[in-house]
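Geometric and topological summary
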Amino acid sequence: MTEKTHRGILVFAEQKDGRIHKVTYELLNKGRTLAESLEVPVYAIALGPKNMEVEELIYRGADEVFYGEEDAFNQPDELLYKENIVALINRIKPEICLFGATTFGRSLAPRVAGSLETGLTADCTELKIDEDGKLIQIRPAFSDNILAHIKTKTYPQMATIRYKEFSEAKRDGQRQGKITKIEAILLENPAVRILKQLQSNEIDISEAEVVVAGGRGLKSSEDFHMLKELAALLGGVVGASRAVVEEDYISSDHQVGYSGNRVKPKLYIACGISGAPQHLAGMREAENIVAINTDPSAPIFNIADVGIVGDLYEVIPMLINKINNQ
Ligand code: FAD
């Protein structure tokens with residue numbers, strides 16, 4: 001659809017075990033700003049188990065929340081979610097739909113856009129409204145060397161937004177809004193079956209405050225134990241370059257970079273990582289970057305706050321030892 005017959009902004013409220021993902025509050029914050037300049041309402045859709053925090057979405061800026069409560073929504077089944085979201089979009093016809101660029105959002109949003117035959121801009125870092133009331137979707141391109149300004153000709157205009165790019169909407173417990181239960185569409189054969197649940201003590205890498213990441217400087221997958229030990233001592237998680245994920249040293253959910261996770265921790269320790277642009281794209285916004293590399297000309301040192309020219313097999317045990325003896 002290329003003519004504007006749509007109105008309002010729809011935010012997809014991602015949840016896990018009924019708890020709303022924080023990216024949703026960031027989207028609601030930006031959604032409100034856009035809605036105010038367009039003078040339209042902000043909607044949210046939440047699909048999940050019973051007792052989801054749907055009121056929270058009103059307190060954080062939604063005017064109306066549509067929610068579906070089914071056990072099946074506990075599984076991150078993109079096809080199931082897509083059916084339900086597409087049905088709602090066809091019903092309420094929002095002009096803009098926003099998803100978090102989380103692992104799930106990145107997989108779900110293109111499926112929704114495909115079904116609606118509309119455009120989607122992935123990984124946006126800013127959104128604006130132009131003088132004609134159209135959405136300008138801004139995202140880094142060419143390994144973050146330029147900022148592309150994109151407008152889609154079709155409606156709804158859809159975007160995924162990077163996590164931690166916008167600030168969260170402030171909570172107003174007095175805020176009023178409408179909460180509407182939707183008739184959930186369920187699929188007979190779920191496309192997704194959970195084989196392993198993340199343990200509650202495992203931190204999601206995109207949320208972690210400390211990431212200790214390993215690259216091809218590691219000689220084997222077993223050597224990741226050393227990094228895990230350091231990460232555990234610092235209350236963080238282990239990350240990886242794509243090179244070692246491809247070598248099967250560690251699973252892809254640890255990959256940091258352009259085609260992996262984007263992280264913004266307080267501390268990022270890059271061990272044996274050269275600093276290719278595709279890796280930097282995922283971690284350059286870390287507050288403090290420490291790089292350990294034997295090669296003094298490795299590009300990672302150009303963005304490091306602290307650079308250690310040395311062998312990670314000597315430096316990491318030294319760091320572990322130092323922390324243990326504090
Ligand atoms: P290398 O570049 O081989 O670097 C290894 C480093 O370890 C070297 O600098 C070396 O000096 C150092 N070293 C060796 N031994 C030691 C030691 N004992 N102690 C300390 N240092 C040591 N890459 C990503 O990481 N994430 C992505 O998401 C990603 N997406 C990509 C998408 C596309 C489309 C493409 C084309 C590429 C992508 N890449 C990505 C790959 C990227 O270009 C690099 O190939 C990759 O990041 C290199 O990984 P590395 O730094 O571990 O390995």
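Everything numeric here is computed off the predicted structure, so don't read it as measured data.

Okay, the site of the ligand next. Around the ligand sit 26 residues, and of these Arg216, Ser241, Ser259, Ser274 and Asn293 come closest. Within the backbone of Val256, one N or O atom sits 2.8 Å away from a nitrogen atom of the ligand. For the ligand, an oxygen atom lies 2.7 Å from a polar atom in the side chain of Ser274. A total of 980 Å² of accessible area belongs to the ligand in isolation, and the protein chains cover 74% of it. Taking a 2 Å distance to the grid points as the criterion, the majority of the atoms of the ligand fall inside the second largest pocket. Broken down by class, the residue content of the shell around the ligand amounts to eight nonpolar, 14 polar and four charged.

This paragraph deals with the sheet that holds strand S14 (residues 237–240). Strand pairs in the sheet, formed through backbone hydrogen bonds, run parallel or antiparallel to each other. Strand order in the open sheet made by the five strands is S14-S13-S15-S16-S17, with parallel pairing throughout. Both edges of this open sheet fall to S14 and strand S17 (306–309), since each of them pairs with a single strand only. Neighbour-to-neighbour, the strand axes of the sheet open up by a mean angle of 20°, direction not taken into account. In the sheet, strand S13 (residues 210–214) pairs with strand S15 (residues 267–271) via five bridges, with the strands oriented parallel. The partner of Val212 across the bridge, within S15, is Ile269.

Among the nonpolar cores identified, the biggest contains 29 residues, and Ile9, Leu57, Leu98, Leu127 and Ile161 are the most heavily contacted of them. Those elements giving two or more residues to this core turn out to be strand S1 (9–13), helix H1 (22–38), strand S4 (42–48), helix H2 (54–59), strand S5 (64–69), strand S6 (96–100) and strand S11 (157–161). It is H1 that provides the largest number of residues to this core, a total of six residues. Ile85, Ile92, Cys97 and Leu108 belong to the second-largest nonpolar core, a separate cluster that totals 24 residues.

Following the sequence through the fold, Ser220 ends up in the loop between S13 and helix H5 (224–233). Assessed through its relative accessible area of 19%, Ser220 is described here as buried. Once residues within four sequence positions are removed from consideration, Ser220 is found in contact with Tyr249 and Tyr313.

Take the sheet that holds S11 next. Pairing in this open sheet of seven strands is parallel, and the strands run S7-S11-S6-S1-S4-S5-S12 from one edge to the other. Each end of this open sheet is capped by a strand with a single partner; those strands are strand S7 (120–124) and strand S12 (178–181). Taken over all neighbouring pairs, the strand axes of this sheet differ in orientation by 20° on average, direction set aside. Bridging between S6 and S11 involves five bridges; their strand directions are parallel. The residue bridging Gly100 from the neighbouring strand is Ile161, located in S11. The sheet contacts of H1 involve S1, S4, S6 and S11, and relative to S1 the element is tilted by about 175°. Seen against the sheet, helix H4 (residues 103–116) touches S1, S6, S7 and S11 and runs at an angle of roughly 170° to S11.

Criteria and thresholds
For every chain, the first residue of the written sequence is number 1, and numbering continues from 1 along that sequence. For this predicted model, a pLDDT threshold of at least 70 governs which residues receive local features, and a threshold of 80 or more governs which side-chain atom pairs are given and counted, while totals over whole chains, interfaces and linings are taken from all residues. The basis for the side-chain values is all heavy atoms of the structure; hydrogens and waters are excluded. A molecule or strand has a residue near it when one of that residue's heavy atoms lies within 4 Å. Polar contacts, as counted here, are pairs of nitrogen or oxygen atoms within 3.5 Å of one another; within protein the pair requires one atom able to donate a hydrogen and one able to accept it, and residues that are adjacent in sequence qualify only if both atoms are side-chain atoms. For the accessible areas, the method is Shrake-Rupley and the probe is 1.4 Å, while residue cover comes only from the protein chains on display. Definitions used throughout: a 1 Å grid over protein atoms alone; a cavity as a set of points that fits a 1.4 Å probe which cannot get out; a pocket as an open set with protein on both sides within 12 Å along at least five of seven lines; a lining residue as one with an atom within 4 Å of a point. Any molecule with more than half of its atoms within 2 Å of a cavity's or pocket's grid points is regarded as sitting in that cavity or pocket. In the scheme used here, Gly and all other residues not listed as nonpolar or charged are polar, with Ala, Val, Leu, Ile, Met, Phe, Trp, Tyr, Cys and Pro taken as nonpolar and Asp, Glu, Lys and Arg as charged. Strand pairing is defined by DSSP finding a minimum of two bridges between the two strands. In DSSP terms, a helix is any run of H or I states spanning at least four residues, a strand is any run of E spanning at least two, and both are numbered starting from the N terminus. Helix axes are fitted to C-alpha atoms over the stretch in contact, other axes to C-alpha atoms as well, and angles between N-to-C directions run from 0 to 180 degrees. Nonpolar cores are built from buried Ala, Val, Leu, Ile, Met, Phe, Trp, Tyr and Cys residues. Side-chain atoms within 4.5 Å join them into one set. Residue exposure (1.4 Å probe, protein chains only): buried if accessible area is under 20% of the type maximum, exposed if over 50%, otherwise partly exposed. The contact criterion used throughout is that any non-hydrogen atoms of two residues lie within 4.5 Å.

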